[in-house]
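Fold and geometry: a report
Spelled out from the first residue to the last, the chains are:
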Amino acid sequence: MMSRATKATHAAWPLGFKELTTNIHAEEEGRYYDEHRESCSCSRRKQSMCSKHHLCTFREGERECSETHHECDNQRITRGEWKGRMIPVWDLGVMGQRAAAVQDDVDKDDLLVEYVGRVGNRRVSDAYEASKGAEDPRYAMRLSKSREMTIIAEKEGNVGSFVNHSCQPNARAERWTAQGRQRIGIFANGKIKAKSKVTINYGLVGGVGMKCNCGAPACRLSLIHISEPTRRTPI
């Protein structure tokens, strides 16, 4: 079902917010860089290479192809092939003023934006968490499954920093490997109508973390502080 449009007004970047086009990596992030380059079996096809309409082992495993075939449809994060022209908006709803909305209709599984910011190790992440009060909003997402690396996007990032939480979201965050690095993309769960707010599930734990005020009919009332990307496919 297509998401309903919402009343939202285009907003300028917050004062002091630095817009980024890619992640800023710390030196410690080097061990999360995979220099291995290879192509999936789709490279032997002449049409629809690595598209969602064909079984691409890399795409199903949330890994972008590293070869530079212009026909390849599995380099969306690398190429910045975002759909929907998402923008920051003012939102006076229950989740506060910071939000993001698409300007165009998008389809299921479209890449809306890459979530970017400053990548920090566990020490940086812990310090960021310690600087926050119990009900203060966090703008961060786990980059590595081991929780060793986190993207902090409160003062540096892009429109992905504005995506709010919902217990019934219309999008999701997924951890992908692109050009050897761990990256996070925000993808549509289904059709999203132009001018609709984009929401993801930050990661809910009943009775633990911040109080949830998303207003969804199936709200679980609580969410953890730092988001954990989901997976379409089993690990």
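Residues numbered from 1 in each chain as written. Predicted model: local features only at pLDDT ≥ 70, side-chain atom pairs only at ≥ 80, totals over all residues. Heavy atoms only, no water.

A word on the nonpolar core. If you look at the biggest cluster of nonpolar residues, it comprises 30 residues, and the most contacted ones within it are Met86, Leu112, Tyr115, Ile186, Val198 and Ile200. Breaking this core down by element, the ones donating at least two residues are strand E5 (111-114), strand E7 (140-142), strand E8 (150-152), strand E11 (171-178) and strand E12 (181-188). Examining the composition of this core, we find that three residues originate from one element, E12, more than from any other. Setting aside anything within four residues of it in sequence, one finds Met86 in contact with Ala100, Ala101, Val102, Leu112, Val113, Val159, Val163 and Val198. (Core = buried A, V, L, I, M, F, W, Y, C linked by side-chain atoms within 4.5 Å. Buried < 20%, exposed > 50% of the residue type's maximum accessible area, 1.4 Å probe, protein only. Helix = DSSP H or I, 4+ residues; strand = E, 2+ residues; numbered from the N terminus. Contact = heavy atoms within 4.5 Å.)

Looking now at the sheet that holds E7. Spatially, E6-E8-E7 is the arrangement adopted by the three strands of the open sheet, whose pairing is antiparallel. Edge positions in the sheet fall to strand E6 (118-120) and E7, since each has one partner strand and no second. The sheet shows a mean angle of 25° between the axes of neighbouring strands, direction not considered. By the bridge criterion, three bridges tie E6 to E8 in an arrangement that is antiparallel. Considered in E8, the bridge of Gly120 is made with Thr150. Most of the contacts of helix H3 (residues 122-130) go to E8, to which it runs at about 45°, and overall it touches E6, E7 and E8. (Pairing = 2+ DSSP bridges. Axes fitted to C-alpha atoms, helices over the stretch in contact; angles between N-to-C directions.)

Moving on to the side chain of Asp110. Tracing the backbone shows Asp110 in the loop between strand E4 (98-101) and E5. Those residues within four positions of Asp110 in sequence are excluded, and the remaining contacts are Arg76, Lys83, Ile186, Phe187 and Ala188.

Okay, the sheet that holds E11 next. Read across the sheet, three strands follow the order E5-E12-E11 without closing on themselves; strand pairing throughout is antiparallel. A single partner strand is all that each edge strand has here, and the edge strands are E5 and E11. Each strand of the sheet is rotated relative to its neighbour by a mean of 35°, with strand direction disregarded. For E5 and E12, the ladder comprises three bridges, and the chain directions are antiparallel. Bridge pairing links Leu111 to Phe187 in E12.

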